[in-house]
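# Remarks on the overall topology
In case you want the letters, here they are:
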Amino acid sequence: MGAAGGLQSPNCGNSDWMALLCPRLWDVPLHHLSIPGSHDTMTYCLSRKSPISQARSRLLHLLGRLAPCITGPMVLKWSVTQALDVKQQLDEGVRYLDLRIAHMAGGSKRNLHFVHMIYTTALVEDTLTEISEWLESHPREVVILACRNFEGMTDELHEYLVGCIRNIFGDMLCPRGAIPTLRQLWARGQQVIVSYEDEASVGRHAELWPGIPYWWGDKVKSQALLHYLETMKSCGRPGGLFVAGINLTENVEYVLAHPSGSLEKMTLPNLPSLSAWVREQRPGPGSRCTNIIAGDFVGADTFVSDVIGLNLKLL
């Protein structure tokens, strides 16, 4: 993406792409920009030593207890959606992070993990601190943190988590209200929007935004997924921030038919067709416009640059 378009040179990377947007885009609300996101951001640090989440599949949870040496590795390879760690994703240009948060049954009272069928080695508080440190080094970048899932979370744990968010990000947090522009956020020194999928917590804390809608196709084949996304577009975009997920999802039949497969092996051959769809999208306020686009294995191709490049269509 050349300088004439107001974005960084292709050789500069994407780590500061918001800061390098054309000034004409500084006054565009975030929900009318094109923003790259990672689906299930934290799965790069899932642990095969962790128990299988009972909330997701009681059968797999039981099999994991009876035959952990077989079930654990199988579940792991179909649960990992990202190869880059969270700082690498931010350096790549990802600005929407999909954080599936859980309290592990039998775990430490205050230790919160991330989960996707199994639990991560990373703790939520440590990861939020990593993100804060990255933002301190990139003061004109903005991230959207989607706190979701909340497996095993009590009201007390929600209050603990919100307290961690407030303590770690402090004045970086943008309280909910009208969706801001980059110029407004920069003027206020704010860099973080927290989407939180627990209505009671949102009602108690002005720092939290309601959960951001995520278009999840739940499809094995890319053409079926793209048909779903086009159908969703035909119904009109939500009024605020929203996510179009270009992530494929395995089912039992597919897993049984591909015993040596993995989510990565299923996804990578489909990236060219998914990327072609991405390049055809357009940000903005129109009913068929897209906003955040989230994918798996975000460093494997040109996905991030393709999503960022869509902003040139607004000039």
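Residues numbered from 1 in each chain as written. Predicted model: local features only at pLDDT ≥ 70, side-chain atom pairs only at ≥ 80, totals over all residues. Heavy atoms only, no water.

- By the naming in an unreviewed UniProt entry, the protein goes by PI-PLC X domain-containing protein 1 isoform X1 and is assigned to Mesocricetus auratus.

### Description of the packing of aromatic side chains
- Evaluation of the coordinates by the stated rule reveals four aromatic pairs.
- Judged by centre distance (5.9 Å) and plane angle (85°), the ring pair of Trp78 and Tyr254 falls under edge-to-face. Of the two residues, Trp78 is situated in the loop between helix 2 (68-77) and helix 3 (86-92) and Tyr254 in helix 9 (residues 252-257); the sequence distance between them amounts to 176 residues.
- Between the NZ or CZ atom of Arg140 and the centre of the ring of Trp26, over which it lies, the distance is 5.5 Å.
- Its guanidinium or amino end placed over the ring of Trp186, Arg140 lies 3.8 Å from that ring's centre, counting from NZ or CZ. (Phe/Tyr/Trp six-rings, centres within 6.5 Å; stacked < 30°, edge-to-face > 60°. Helix = DSSP H or I, 4+ residues; strand = E, 2+ residues; numbered from the N terminus. Lys NZ or Arg CZ within 6 Å of the ring centre and 35° of its normal.)

### Overview of the environment of Tyr119
- Within the secondary structure, Tyr119 is located in strand 4 (residues 118-123).
- Sequence spacing of Tyr119 and Met42 is 77 residues, and the spatial spacing of their C-alpha atoms is 9.7 Å.
- Residues contacting Tyr119, with those up to four places away along its chain left out, are Cys45, Leu46, Ser47, Ser50, Pro51, Ser53, Ala102, Met104, His113, Phe114 and Glu151.
- Here the side chain of Tyr119 touches Glu151 through a polar contact of 2.4 Å, side chain to side chain. (Contact = heavy atoms within 4.5 Å. Polar contact = N/O pair within 3.5 Å; in protein donor to acceptor, adjacent residues only side chain to side chain.)

### Considering the pattern of salt bridges
- For the structure on display, the rule yields 14 salt bridges.
- Notably, a salt bridge pairs Glu159 with Arg204, separated by 2.9 Å at the nearest N-O pair. Remark: Arg204 occurs in helix 7 (residues 199-204) and Glu159 occurs in helix 5 (residues 155-169); sequence separation between them is 45 residues.
- Accessibility expressed as a relative area gives 33% for Glu159, which makes it partly exposed. (Salt bridge = Lys/Arg side-chain N within 4 Å of Asp/Glu carboxyl O. Buried < 20%, exposed > 50% of the residue type's maximum accessible area, 1.4 Å probe, protein only.)

### Topic: unusual backbone geometry
- Phi is positive for Asp40, close to 50°, though the residue is something other than glycine.
- Note on placement: Asp40 falls in the loop between strand 1 (35-38) and helix 1 (58-66).
- Unlike most non-glycine residues, Met117 shows phi in positive territory, near 75°.
- The class for Met117 is buried, based on a relative accessible area of 19%.

### Some words on the confidence of the model for the protein
- Summing up the model confidence of the protein, the mean pLDDT is 90 and the portion of residues at 70 or higher is 90%.
- Taken as a whole, residues 1-6 scores under 50 in pLDDT and shows 16 contacts with residues more than four places along the chain or in a different chain. (pLDDT = per-residue confidence, 0-100.)

### So, the pairing of strand 6 (residues 192-196)
- Burial within strand 6 is extensive, with five of its five residues counted as buried.
- Alternating residues of strand 6 divide into Val192, Val194 and Tyr196 and Ile193 and Ser195, and every residue in both groups is buried.
- Relative to strand 6, strand 5 (residues 143-151) is paired through five bridges, and the arrangement is parallel. Residue Cys147 lies in a different strand from strand 6, and its bridge partner there is Tyr196.
- One ladder, built from three bridges, connects strand 6 with strand 7 (residues 208-210); its direction is parallel. Bridging across to strand 7, Tyr196 finds its partner in Pro210.
- At this point the chain moves from strand 6, through helix 7, to the parallel strand 7, and the crossover so formed is right-handed. (Pairing = 2+ DSSP bridges. Right-handed = clockwise from strand over helix to strand, strands pointing away.)

### Remarks on the packing of helix 8 (residues 222-234) against helix 11 (residues 271-279)
- The N-to-C vectors of helix 8 and helix 11 enclose an angle of 20°; their axes lie 10 Å apart at closest approach. Regarding the angle of helix 8 to helix 11, the classification is roughly parallel. Where helix 8 crosses over helix 11, the two elements pack in a sense that is right-handed. Residues Ser222, Gln223, Leu225, Leu226, Leu229, Glu230 and Lys233 of helix 8 pack against Ser273, Leu274 and Trp277 of helix 11. (Axes fitted to C-alpha atoms, helices over the stretch in contact; angles between N-to-C directions. Parallel < 35°, antiparallel > 145°, perpendicular 65-115°, else oblique. Left-handed = near helix turned anticlockwise from the far one by under 90°.)

### Describing helix 4 (residues 124-137)
- Counted at 1.5 Å a residue, the expected span for helix 4 with its 14 residues is 20 Å, and the 20 Å between its end C-alpha atoms agrees.
- Residues Val124, Thr127, Leu128, Ile131, Ser132, Trp134 and Leu135 constitute the buried set of helix 4. The buried residues of helix 4 occupy an angular sector of 160° when projected down its axis, which confines them to one face. Exposed and oriented more than 90 degrees from the buried face of helix 4 are Glu136 and Ser137. (Expected span 1.5 Å × (residues − 1). Arc of directions from axis to C-beta.)

### Concerning the environment of Gly189
- With respect to the element layout, Gly189 can be found in the loop between helix 6 (182-188) and strand 6.
- A relative accessible area of 42% means that Gly189 is categorised as partly exposed.
- Put simply, Gly189 and Pro139 are 50 residues apart on the chain and 8.0 Å apart in space, counted from C-alpha to C-alpha.
- Excluding anything up to four places from it in sequence, Gly189 contacts Asp171 and Met172.

### Concerning helix 5
- For helix 5, which comprises 15 residues, the first-to-last C-alpha distance of 21 Å matches the rise-based estimate of 21 Å (1.5 Å per residue) to within 8%.
- Of all the residues in helix 5, the buried ones are Leu157, His158, Leu161, Val162, Cys164, Ile165, Ile168 and Phe169. Angular distribution of buried residues about the axis of helix 5 spans 150°; they occupy a single face of the element. For helix 5, the exposed residues lying more than 90 degrees away from the buried face are Asp155 and Asn167.

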